[in-house]
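# Survey of secondary and tertiary structure
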Amino acid sequence: MPPIAILTRPDGRNAPLERGLQHAGWQTLALPALEIQPLSVDAAGPPLPQDYDLVVFVSGNAARLYLAQLQAAGMPHWPAGTPAATVGPASARAFRACPGVGPDTTVLYPPPEAPAHDSEALWQVLRTRGALPRRVLLVRGTSGRDWLGDQLGAAGVHVARHAVYRRLPAQWPAAAVRQLHEWAEQGKSATWLLTSGEGIDAVRAQVQAAGIEAWWQVSRFVITHPSLAPRLGLAGSGQGPVPMVKICLPADEAILAAFVAA
């Protein structure tokens, strides 16, 4: 039987990875943990990038939704003199793919070969460039880590935070829940992709509600940051088999390699 991969990234983020896994012989189920809900802006409109020395995006969704806000406000082109920054190459590609971003726009991010793609890695990139920017716009969701903003603020940088989306637990379709039950009853092993603490909490809540927590405890997991491991809530040694947890970078190529090696 083909191995099972359950992909919990938000809608629109799973398709390329699904194709790669299926090509490698995996059976896949896209089951987003969270729903990304765009936020509206008030009559004054969104903060403008040209008013800052650097605009930081915490994710590809943050970049896409902020650029959409600018387009709606009548600003079709990203200002050439304003650099952007992202926590990794995938988010940088998402920003560059947005309408209105010119090919000469400076985008700072940890390189593909960096040991991590996260706020800490971007902080190192910013520090090694010399003087920090004076004014930074941090584009994000309503919740999540604020580590980078805190570091910048402690270093004397004026940080403005602009939320462009909220993340809500996604409601799993009944057919998908039935499929999980079927796999659990048949004793089939599954490998879950989990990429955020909020996502893990949402998945665990649905697993508990579905009554398949015992199956979850013996599943395998691919996570994209070491800090996520404690959020899994897995039984410790001495209470049955220790589940396999693999940690990789949050890029499709690295995730695919982690699944194939699982």
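Since this is a predicted model, take the numbers as computed values, not measurements.

### Some details on the packing of aromatic side chains
Under the definition given, this model contains 10 aromatic pairs. An angle of 50° between the planes, with centres 5.9 Å apart, marks the rings of F57 and Y66 as tilted. Residue Y66 is classed as buried on the basis of its relative accessible area, which comes to 0%. Aromatic side chains W192 and W216 sit 5.2 Å apart centroid to centroid with 70° between the ring planes, which places their arrangement in the edge-to-face category. Highlighted residues: W192 in strand β9 (residues 190-194) and W216 in helix α8 (residues 213-217), separated in sequence by 24 residues.

### Things to note about the nonpolar core
Membership of the largest hydrophobic core comes to 25 residues, with the highest contact counts inside it found for I6, L180, W192, L194, V203, W215 and W216. Looking at this core, the elements that each hand over two or more residues are β1 (4-7), α6 (174-186), β9, α7 (197-210), α8 and β10 (220-223). Among the elements that take part in this core, α7 stands out by supplying five residues, more than any other. The contact partners of L194, leaving out residues within four places of it in the chain, are T8, I200, V203, W216, F221, V222, I223, T224, L228 and L232. L65, M75, L137 and A160 belong to the second largest nonpolar core, which has 22 residues in total.

### Quick look at the packing of helix α1 (residues 15-23) against helix α9 (residues 252-261)
At a minimum axis distance of 10 Å, the contact between α1 and α9 shows a crossing angle of 35°. Where α1 crosses over α9, the two elements pack in a sense that is right-handed. Facing P16, L17, G20 and L21 of α1, the residues of α9 in contact are D252, I255, L256 and F259. Here the contact of α1 with α9 is built from residues that sort into six nonpolar, one polar and one charged.

### Some points on the domain arrangement of the protein chain
Split by domain assignment, the protein chain resolves into domain 1 (4-33 + 170-261) and domain 2 (37-167). Computed from C-alpha coordinates alone, the two centres of domain 1 and domain 2 are separated by 29 Å. With six residues of domain 1 at the contact, the number on the domain 2 side is 11 residues. When the buried area of domain 1 at its contact with domain 2 is split by residue, E198, H225 and L249 rank highest and sum to 59% of it. Seen at the junction of domain 1 and domain 2, the total is one salt bridge. For E198, the salt bridge is made with R167, and the minimal N-O distance between the two is 2.5 Å. At the boundary of domain 1 and domain 2, one finds three residue pairs in polar contact (both at pLDDT 80 or more). Residue classes in the side of domain 1 that touches domain 2 are distributed as two nonpolar, two polar and two charged.

### Let's talk about the sheet that holds strand β3 (residues 34-38)
Sheet architecture is open: six strands sit in the order β3-β8-β7-β4-β5-β6, paired in mixed fashion. Lying at the two open borders of the sheet, with one neighbouring strand each, are β3 and β6 (107-108). Here strand β4 (residues 54-57) runs beside strand β5 (residues 84-86); their pairing, made up of three bridges, is parallel. Among the inter-strand pairings, V56 is bridged to a residue of β5, identified as A85. Against the sheet, helix α2 (residues 60-72) contacts β3, β4, β7 (135-141) and β8 (158-169), and its axis sits at roughly 105° relative to β8. Against the sheet, helix α5 (residues 147-154) contacts β4, β7 and β8, and its axis sits at roughly 170° relative to β8.

So, how was this worked out
- Residues numbered from 1 in each chain as written.
- Predicted model: local features only at pLDDT ≥ 70, side-chain atom pairs only at ≥ 80, totals over all residues.
- Heavy atoms only, no water.
- Phe/Tyr/Trp six-rings, centres within 6.5 Å; stacked < 30°, edge-to-face > 60°.
- Buried < 20%, exposed > 50% of the residue type's maximum accessible area, 1.4 Å probe, protein only.
- Helix = DSSP H or I, 4+ residues; strand = E, 2+ residues; numbered from the N terminus.
- Core = buried A, V, L, I, M, F, W, Y, C linked by side-chain atoms within 4.5 Å.
- Contact = heavy atoms within 4.5 Å.
- Axes fitted to C-alpha atoms, helices over the stretch in contact; angles between N-to-C directions.
- Left-handed = near helix turned anticlockwise from the far one by under 90°.
- Nonpolar A, V, L, I, M, F, W, Y, C, P; charged D, E, K, R; others polar.
- Domains from an automatic or database assignment.
- Buried area = accessible area lost by both parts, 1.4 Å probe.
- Salt bridge = Lys/Arg side-chain N within 4 Å of Asp/Glu carboxyl O.
- Polar contact = N/O pair within 3.5 Å; in protein donor to acceptor, adjacent residues only side chain to side chain.
- Pairing = 2+ DSSP bridges.

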